[in-house]
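# Residue-level structural notes
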Amino acid sequence: MSSASLEQLRRRLVISVLFLGAVASLVALYLQVVIDATNPVDLFFLPLMSILFLAMGVALFFHSDKFHLIENVAYAILVLYGLAMLAYQVRYTLPVIHTFSETMFWFPMLYLVAYLLHRRAMAFRIATAIWLGTLVLGLAFTPFGQLWQNRDASAFNALFQFYVSGAVYAMLLFAFSRIEESYAENRMLAYLDHLTQLPNRRYGEAALVHLFHQVRRYGGAFSVIMLDLDRFKKINDRYGHDVGDRVLKRCALLIQRYLPRGARVIRWGGEEFLIILPEHDEAASLAIAEEVRQGLASSPHEGVGRVCASLGVAAYRPGDSLDELVLRADRAMYHAKAVGGNRAVAYSSLQTAV
């Protein structure tokens, strides 16, 4: 699934959670009124959350660009509600029922959501700040004298369990997120070309397989461009491999400069690059290939001069395999080399010529 698809799925999920939160707030308020168990915190926050969550859900539905802002505002409201409820419960509920009410069972969710919304370091800072906030409120509002005078061991145990479990939740989430990020980093390295910092062939083949599945399932078009630097061996032979590596790295940057949004360029091997163009037919991809060719040809390298490229364009056809598609782009690219290089050729033009 592409990053854009994941972002859209996440936005839909947040909209659903906001609407569910609005309904749940109203239901919770209604039930408390029915059983005559209201408290000042719920009377203030539950109607407010119902209105705000509903408004934010509607806003997010029509304005996707406000996604991260709305996400963080909703989280801030939940944190304020949780802290306000804690202050109320340690002051009034704990001395009476000797423990916390059911509402506080949801408090650890605040630590979890911090890690869902932010990267590990920021999430840990937020979780730590929330835990310290609970500690300050507990010290400020808990009637320790009354509890000690009543020898209320249950209340002290509830406080101890709440603070220790909160610290454990935050530390465990930090550890798990560190493991997850390490796994992601190792996975990224496995799919990265270390010289150019582009995705490598393994990544490119996986991306193409995924794109094949998407097009076969939902329809659409996509194309690939095989790009090979002309006479690159002479650069290595004349100037050395260090200079050749520098040329490859700069060419990788130049190629990306001329690609549209959503396109991906892969270090296919040696001086070959594969460009993947989702939602582009052959004609549109040929125009992009020509832009890339002209961009490379007009950007001389220090100490080396002009480095040109031959490009072959091939579009997906129903029933294609990965190998067949890449082979067509490869043939078009070799034809471009055979007729002098520094040109872009579409595979369909080869068939027309035949």
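Computed from a predicted structure; not experimentally measured. (Residues numbered from 1 in each chain as written. Predicted model: local features only at pLDDT ≥ 70, side-chain atom pairs only at ≥ 80, totals over all residues. Heavy atoms only, no water.)

### A word on a nonpolar patch on the surface
Inclusion rule: Surface patches are defined over residues having more than 30% relative accessible area and no salt bridge, joining like charges when they lie within 9 Å and nonpolar side chains (Val, Leu, Ile, Met, Phe, Trp, Tyr) when within 5 Å. In short, Shrake-Rupley with a 1.4 Å probe defines the accessible areas, and a residue's cover is counted only from the protein chains shown. Salt bridge, as used here: a side-chain nitrogen of Lys or Arg that lies within 4 Å of a carboxyl oxygen of Asp or Glu. Only runs of H or I of at least four residues qualify as helices and only runs of E of at least two qualify as strands under DSSP, and these elements are numbered from the N terminus. Each residue is assigned to one of three classes by its accessible area relative to the maximum for its type, calculated with a 1.4 Å probe on protein chains only: buried under 20%, partly exposed between the two thresholds, exposed over 50%.
Together, Phe160, Val164, Val168, Met171, Leu172, Phe176 and Ile179 give the surface a local cluster of nonpolar side chains, amounting to about 690 Å² of exposed area. Mapped onto the elements, Phe176 comes out in helix H7 (residues 153-190). Residue Phe176 is classed as exposed on the basis of its relative accessible area, which comes to 54%.

### Digging into the packing of aromatic side chains
Heads up, the condition is: Side-chain rings of Phe, Tyr and Trp (the six-membered ring for Trp) are treated as a pair once their centres are within 6.5 Å; stacked means planes under 30 degrees apart, edge-to-face means over 60, and tilted covers the remaining angles. Here, over-ring charges are defined by two tests on the NZ atom of lysine or the CZ atom of arginine: distance to the ring centre within 6 Å, and angle to the ring normal within 35 degrees.
According to the stated counting rule, one finds 15 aromatic pairs in the structure shown. Measuring from ring centre to ring centre gives 5.3 Å for Phe162 and Tyr163, while their planes differ by 80°; the resulting arrangement is edge-to-face. Of the two residues examined, Phe162 and Tyr163, each falls in the buried class. Aromatic pair Tyr191 and Tyr203: ring centres 6.2 Å apart, planes at 80°, arrangement edge-to-face. Pair noted here: Tyr191 is in the loop between H7 and helix H8 (201-218) and Tyr203 is in helix H8, with a separation of twelve residues, a long-range link. Its guanidinium or amino end placed over the ring of Tyr191, Arg202 lies 6.0 Å from that ring's centre, counting from NZ or CZ.

### A word on the pairing of strand S1 (residues 222-229)
The cut-off we apply is this: Should DSSP find at least two bridges between two strands, the strands are taken to pair.
Most of S1 is tucked away, with eight of its eight residues classed as buried. Burial along S1 is two-sided: Phe222, Val224, Met226 and Asp228 and Ser223, Ile225, Leu227 and Leu229, pointing in opposite directions, are all buried. When S1 meets strand S3 (residues 272-278), the two strands line up antiparallel, connected through seven bridges. Pairing of Asp228 across the sheet is with Glu272, part of S3. Summarising the sheet, S1 and strand S4 (residues 309-315) pair through seven bridges and their orientation is antiparallel. Within the sheet, the bridge partner assigned to Leu229 lies in S4 and is Ala309.

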